[in-house]
Amino acid sequence: MKLQPPSFDREQVLLTLDKLLGVNRKSHAKEHKLKWKLPEQRLSFSLKDAELTVAGLKKNSVRFVGGGEYSEIVHAKDMGGMFAYMLVRTDSKTEEETIVAETYMLQEEDKLGFDITSAFKFAEDLEQIGYVKAFDREYDVWRFLYFEVPVTVYAIRGFGDFLELALPATNFPRQRERAQKHAYELAEKLGFKKEEAMGTDVVTLQLAAMMDAAQKGGQKQRR
């Protein structure tokens, strides 16, 4: 008769070892899982020089995961104080075209329901579900990962340089607290204060700046 190996119960083995070694292991309360996820949160910082920040990230051994140079058409949809974006992104070196949905602040996702055949056709389709062309932009980007926090550095032509940190969506409050701790820890290593963080993404910052400039321009014309 073939003997079956004993089943391995990790927690029970640890408890047995603790008794043998006289260790009093504190029990940790099981973390409560939220019914609804805490949505992804972005934190942005204005930079004096994107390349200096990239050097600072590498100096602190933050893992580099990619980057490139892109041109992009930003289509925006006002969702009542928040914006959803569809980005038609073109790699400046390969001219490869990709479509990126940027709707992290929204609880609901748009179901597109059509095939993407070209940037021109895609723009027409977007108009049918409430998106309008907001602006074009060109930028260099560097992407990193610090623990669970995605880190993005932008150098945007005609707008400026920015650092963006993303706190991932989660059902567990402690995970959000850890992500927030790591985000501010990294910001501090790069010379930023917690109070300097802007609680939004870089696309929204650029849209808000353009809307503000347009409004001021309209006021001057009326005068």
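An account of the accompanying structure is given in this report. Once a new chain begins, its residue numbering starts again from 1 and follows that chain's sequence as written. Whole-chain, interface and lining totals are the exception, using all residues; otherwise, since this is a predicted model, local features are given only for residues with pLDDT of at least 70 and side-chain atom pairs are given and counted only at 80 or more. Heavy atoms throughout the structure, all of them, feed into the side-chain values; hydrogens and water do not.

Here V149 is to be found in strand β6 (residues 149-156). Looking at V149, the relative accessible area reads 1%, which means it is buried. Here, two residues are considered to be in contact whenever any of their heavy atoms come within 4.5 Å of each other. Filtering out sequence-adjacent residues up to four positions away, V149 remains in contact with F144, L165, A166, L167, A179, H182 and A183. Helix and strand assignments come from DSSP, with helices taken as H or I runs of at least 4 residues and strands as E runs of at least 2, each series counted from the N terminus. Using a 1.4 Å probe on the protein chains alone, a residue whose accessible area is under 20% of its type maximum counts as buried, one over 50% counts as exposed, and one in between counts as partly exposed.

This part is about unusual backbone geometry. Despite not being glycine, E95 has its phi angle at roughly 65 degrees, a positive value. Structurally, E95 is set in the loop between β3 (83-91) and β4 (97-102). For F147, which is not glycine, the phi torsion reads 55 degrees and is therefore positive. Locating F147 in the fold gives a position in the loop between β5 (132-146) and β6. For F147, a relative accessible area of 54% corresponds to the exposed category.

Side-chain rings of Phe, Tyr and Trp (the six-membered ring for Trp) are treated as a pair once their centres are within 6.5 Å; stacked means planes under 30 degrees apart, edge-to-face means over 60, and tilted covers the remaining angles. Tallied over the entire structure, the rule returns 7 aromatic pairs. Each ring, one from F45 and one from F192, has its centre 5.0 Å from the other, and the planes form 40 degrees; the classification is tilted. In this pair, F45 is assigned in strand β1 (residues 41-47) and F192 in the loop between α4 (173-189) and α5 (202-222), connecting sequence segments 147 residues apart. Accessibility expressed as a relative area gives 0% for F45, which makes it buried. By relative accessible area, F192 is classed as buried at 14%. With a centroid separation of 5.0 Å and an interplanar angle of 25 degrees, the aromatic rings of F159 and F162 are classed as stacked. Classification of F159 by relative accessible area gives partly exposed; the value is 27%. Whether a charge sits over a ring comes down to the Lys NZ or Arg CZ being within 6 Å of the ring centre and within 35 degrees of the ring normal. Positioned above the aromatic ring of Y70, the side-chain terminus of R89 is 5.9 Å from the ring centre. One cation-aromatic arrangement involves R137 over Y139; the distance from NZ or CZ to the ring centre is 4.7 Å.

Right, let's get into the sheet that holds β6. Strand pairing is assigned whenever DSSP identifies at least 2 bridges connecting the two strands. The sheet built from 7 strands is open, its strands ordered β1-β7-β6-β5-β2-β3-β4 with antiparallel pairing. Each edge of the open sheet is held by one strand with a lone partner, namely β1 and β4. In this sheet, adjacent strand axes meet at a mean angle of 30 degrees when their direction is disregarded. Note: strand β2 (residues 63-78) against β3, 9 bridges, orientation antiparallel. Counterpart to K77 in the pairing with β3 is A84. Lines fitted to C-alpha atoms define the axes, with helix axes restricted to the stretch in contact, and inter-axis angles between N-to-C directions lie between 0 and 180 degrees. Against the sheet, helix α2 (residues 50-59) contacts β1, β5, β6 and β7 (160-167), and its axis sits at roughly 155 degrees relative to β6. Set on the sheet, α4 makes contact with β1, β5, β6 and β7; between it and β7 the angle comes to about 155 degrees.

This brings us to the side chain of D91. Relative to the helices and strands, D91 is located in strand β3. For the buried residue D91, which engages in no salt bridge, the nearest side chain bearing the opposite charge is K93, 7.0 Å off. Polar contact is defined as a pair of N or O atoms within 3.5 Å, subject to the rule that within protein one atom must be able to donate a hydrogen and the other to accept it, and that residues adjacent in sequence are counted only when both atoms are side-chain atoms. A polar contact is formed between the side chain of D91 and the backbone nitrogen of K93, at a distance of 2.8 Å. A positive count includes Lys and Arg, and a negative count includes Asp and Glu. His and the chain ends are not counted in either. Salt-bridge detection follows one rule: a side-chain nitrogen of Lys or Arg within 4 Å of a carboxyl oxygen of Asp or Glu.

Further remarks concern the nonpolar core. If you look at the biggest cluster of nonpolar residues, it comprises 24 residues, and the most contacted ones within it are L57, V151, V153, L163, L165 and L186. The element best represented in this core is α4, accounting for 5 residues. The residues touching L186, leaving out its near neighbours within four places in the chain, are L57, V62, Y146, V151 and L165. In this description, a nonpolar core means a group of buried Ala, Val, Leu, Ile, Met, Phe, Trp, Tyr and Cys residues linked to one another through side-chain atoms lying within 4.5 Å.

Attention now moves to the pairing of β2. As defined by bridge partners, β2 adjoins β5 across 13 bridges and the pair is classed as antiparallel. Within the sheet, the bridge partner assigned to Y70 lies in β5 and is Y139.

Attention now goes to the environment of A209. Counting through the fold element by element, A209 comes out in helix α5. Sequence separation between A209 and F159 is 50 residues, and the spatial gap between their C-alpha atoms is 9.0 Å.

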